[in-house]
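Summary of the model geometry
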Amino acid sequence: MKRTSTISRPVEIGLRFIGMWPDSTYATLYWLIYMATMVLVQYYQYAYVLTHFDLSDISLLMDCLGLTLAYTLAFLKLLALWWNRRTFYYIVKAMDQDWKECVINDSYESAMMAVADLSRRCSNVMISINALAAFFLSIGEHMLQSMGNVDGVDNNSRELPIKMEFPFDVSESPIFECFLFGQFFYELVLASIVGMMNALLVSLILHVSGQIDIMRQNINEISNAKYNPSTSLAVIKNLICKHQKIITLSEHIEHLYTYIALMQLLWNTLVICCTGFVIVITIGTDDSGTTSIKSVSFYIAITLEVFILCFAGEFLSAKSRSISDAIYESLWYDMPPTSSRILLFVILRSQKRLTITAGKVVDLTLEGFTSVIYYILL
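Along each chain, residues carry numbers from 1 onward, in the same order as the chain's sequence is written. In keeping with the model being predicted, local features are shown solely for residues with a pLDDT of at least 70 and side-chain atom pairs are shown and tallied solely at 80 or more, while totals for entire chains, interfaces and linings include all residues. Calculated side-chain values reflect all of the structure's heavy atoms, with hydrogen atoms and water omitted.

**Describing the overall build of the protein**
Secondary structure counts use DSSP, requiring at least four H or I residues in a row for a helix and at least two E residues in a row for a strand, with both numbered from the N terminus. When helices and strands are tallied, the protein shows 10 helices and 2 strands. Listing the helices and strands of the protein from first to last along the sequence gives α-α-α-α-α-α-α-α-α-β-β-α. For each residue, the accessible area found with a 1.4 Å probe, counting protein chains only, is set against the maximum for its type, and the residue is called buried under 20%, exposed over 50%, and partly exposed in between. Across the 378 residues in the protein, those meeting the buried criterion constitute 49%. Pairs at least 24 apart in sequence give 80% of the contacts found in the protein among residues at least 6 apart. For every accessible area listed, the method is Shrake-Rupley and the probe measures 1.4 Å; residues are considered covered only by the protein chains on display. Total accessible area on the protein is roughly 18,900 Å²; 65% of this is exposed by carbon and sulfur atoms. Every residue pair with non-hydrogen atoms within 4.5 Å of one another is taken to be in contact.

So this is what it looks like as structure tokens:
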């Protein structure tokens, strides 16, 4: 049975896990439990940062601070998503309505099924990358430390992947192994949730892209068919309604992600700087192998988050501009002035491109991404 939804199954499962999927059972309870767990972990993380705040050991400070800030960002993003959950429910409802129209009209189904398949592949890749980063951040580092212990390193120097300050000793077995497994599971789940949020944005943008492709298909029907006043006016009316639905849907997506994108750009800049600093100062040291596996994978994951936001904004803008190009390339000049003037208004409206902004301040584009990376490298 074909899945009539742009949102892939892993993304839906992740949204149900955090209580964000519409009409899911005990949604508020799931969300409160997960957020309370994050608050507890954050408390012990910041306790470690304050306890070991020593500028003489700047590498340790930057290492634990970068990971702590990244988890704080994930907490704030989930909070922003929950705050705008009504907007998200509206988006899901609108997407379901679009898929119902595709089921009725077989000519639209092929375009949306291609979009759904692409959304599924992108979601799997993004969630897998984040999960792999979490693996190398926790188990990968612990395995290297265990290999070092075999070579004569003190077994009592074992440290947890997520630096936390507990009121009791956790270095003894089996307490250490229990906390190690708990941190691995926590990191894996949190990284998958963060990847799910990025995949959700890509899925929403791809859905809008599919609707734009359907609109362009309707424009081609006007161009290819012989002019019939009653038929063409009906198609043009449907075209305008479709365009307005696309604009409304993209505005809701922008409202859902605008402040998430702002936090992502500002906060991740600090995280990228901290992680990059750790990578640079540990090159050539005894811990360079462990740090390379842990920090480089983490660096790639958080940089990819910023790239996904900027690429999604660029892709949406390019797709929205293609509407005016498709109308301009149609046979609008063969129509009576009353019909061609209507299409002229559609061209004018589509020239105001759809986009995603960061806090309604700056548009997310690939040029903006390169600017962010440039200033970080400086």
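So much for the structure itself; the text now carries on.
**Comments concerning the UniProt feature "transmembrane region" (unreviewed entry) in the protein**
UniProt positions are given in the numbering used here, feature names are shortened, and annotations may be inferred rather than shown by experiment. Here, UniProt's "transmembrane region" (unreviewed entry) annotation points to residues 26–46, 58–83, 122–140, 184–206, 265–284 and 296–316. For residues 296–316, the end-to-end C-alpha separation is 30 Å, with 100% helix and 0% strand making up the annotated structure.

**What about helix H2 (residues 27–51)?**
To estimate how far a helix should extend, the number of its residues minus one is multiplied by 1.5 Å. Here H2 contains 25 residues, and its C-alpha end-to-end distance of 36 Å stays within 8% of the 36 Å for a straight helix at 1.5 Å per residue. Residues of H2 that are buried: Ala27, Trp31, Tyr34, Met35, Met38, Val41, Gln42, Gln45, Tyr48 and Val49.

**Quick word on helix H9 (residues 337–350)**
In an α-helix, one turn spans 3.6 residues, which is why side chains three or four residues apart end up on the same side. Taking 1.5 Å of rise per residue, the 14 residues of H9 would be expected to cover 20 Å, and the 20 Å separating its terminal C-alpha atoms lies within 8% of that figure. Within H9, the full set of buried residues consists of Ser339, Ser340, Leu343, Val346, Ile347 and Ser350. One side of H9 carries all its buried residues, which in axial view fall inside an arc of 110°. Away from the buried face of H9 by more than 90 degrees, exposed residues Pro337 and Phe345 are located. Note that the arc is defined by the directions from the helix axis to the C-beta atoms.

**Focus on the nonpolar core**
Membership of the largest hydrophobic core comes to 89 residues, with the highest contact counts inside it found for Leu15 and Met38. Ranked by residues supplied to this core, first place goes to helix H6 (residues 175–224) with 21 residues. Core analysis: the next-biggest nonpolar cluster, separate from the first, contains 8 residues, Trp99, Cys102, Tyr108 and Ile214 among them. Buried residues of nine kinds, namely Ala, Val, Leu, Ile, Met, Phe, Trp, Tyr and Cys, make up a nonpolar core once their side-chain atoms join them within 4.5 Å.

**Comments concerning the layout of surface pockets**
Lining residues are those with an atom within 4 Å of a point, where the points come from a 1 Å grid over the protein atoms alone and group into cavities, where a 1.4 Å probe fits but cannot get out, or pockets, open sets with protein on both sides within 12 Å along at least five of seven lines. Grid points are joined across faces, edges and corners, and a volume is the space filled by probe spheres set on the points. By volume, the second largest pocket is sized at about 330 Å³. Around the second largest pocket, the lining comprises 16 residues; the ones closest to its centre are Thr37, Val41, Gly182, Gln183 and Tyr186. Among the secondary structure elements, those contributing two or more residues to the lining of the second largest pocket are H2 and H6. Here the lining of the second largest pocket gets 7 residues from one element, more than from any other, and that element is H6. The nonpolar class holds Ala, Val, Leu, Ile, Met, Phe, Trp, Tyr, Cys and Pro. Asp, Glu, Lys and Arg form the charged class, and all remaining residues, Gly among them, are polar. The residue inventory of the lining of the second largest pocket, partitioned by class, reads 13 nonpolar, 3 polar and no charged.

**Observations regarding unusual backbone geometry**
In this structure, the amide linkage connecting Ser173 to the following residue, Pro174, adopts the cis form with an omega of 0°. Looking at the secondary structure, you find Pro174 in the loop between helix H5 (106–150) and H6. At Asp23, a residue that is not glycine, the phi angle is positive and equals roughly 65°. Following the sequence through the fold, Asp23 ends up in the loop between helix H1 (9–17) and H2. In the Ramachandran plot, Lys360 falls in the positive-phi region, its phi being about 60° despite a non-glycine side chain. With respect to the element layout, Lys360 can be found in the loop between strand E1 (357–358) and strand E2 (362–363).

**A short note on the packing of aromatic side chains**
Pairing of aromatic side chains requires ring centres within 6.5 Å, counting the rings of Phe and Tyr and the six-membered ring of Trp. Pairs whose planes differ by under 30 degrees are stacked, by over 60 edge-to-face, and all others tilted. Throughout the structure, instances matching the rule amount to 12 aromatic pairs. Measuring from centroid to centroid gives 5.3 Å for Phe307 and Phe369, while their planes differ by 70°, and the two rings are edge-to-face. With Phe307 in helix H8 (residues 288–328) and Phe369 in helix H10 (residues 366–377), this pair connects stretches of sequence that are 62 residues apart. What makes Phe307 partly exposed here is its relative accessible area of 32%. Taken together through their ring pairs, the aromatic side chains of Tyr43, Tyr44, Phe166, Phe168 and Phe179 make up a single cluster. Above the face of the Trp82 ring, Arg85 is positioned so that its terminal group lies 4.3 Å from the ring centre. Only Lys NZ and Arg CZ are tested; either one counts as a charge over a ring when it is within 6 Å of the ring centre and within 35 degrees of the ring normal.

**Observations concerning the pattern of salt bridges**
Between Lys or Arg on one side and Asp or Glu on the other, a salt bridge is scored when a side-chain nitrogen of the former is within 4 Å of a carboxyl oxygen of the latter. Taken as a whole and judged by the stated rule, the model has 9 salt bridges. Note that Arg9 and Glu12 form a salt bridge whose closest N and O atoms lie 3.5 Å from each other. Here Arg9 pairs with Glu12, and both are found in helix H1, just 3 residues apart, close to one helical turn. On the basis of relative accessibility, which here comes to 46%, the residue Arg9 falls in the partly exposed class.

**Concerning the environment of Leu76**
Residue position: Leu76 is located in helix H3 (residues 58–83). Along the sequence, Leu76 and Met263 sit 187 residues apart, while their C-alpha atoms lie 8.1 Å from each other. Beyond its immediate sequence surroundings of up to four residues, Leu76 is in contact with Met263 and Trp267.

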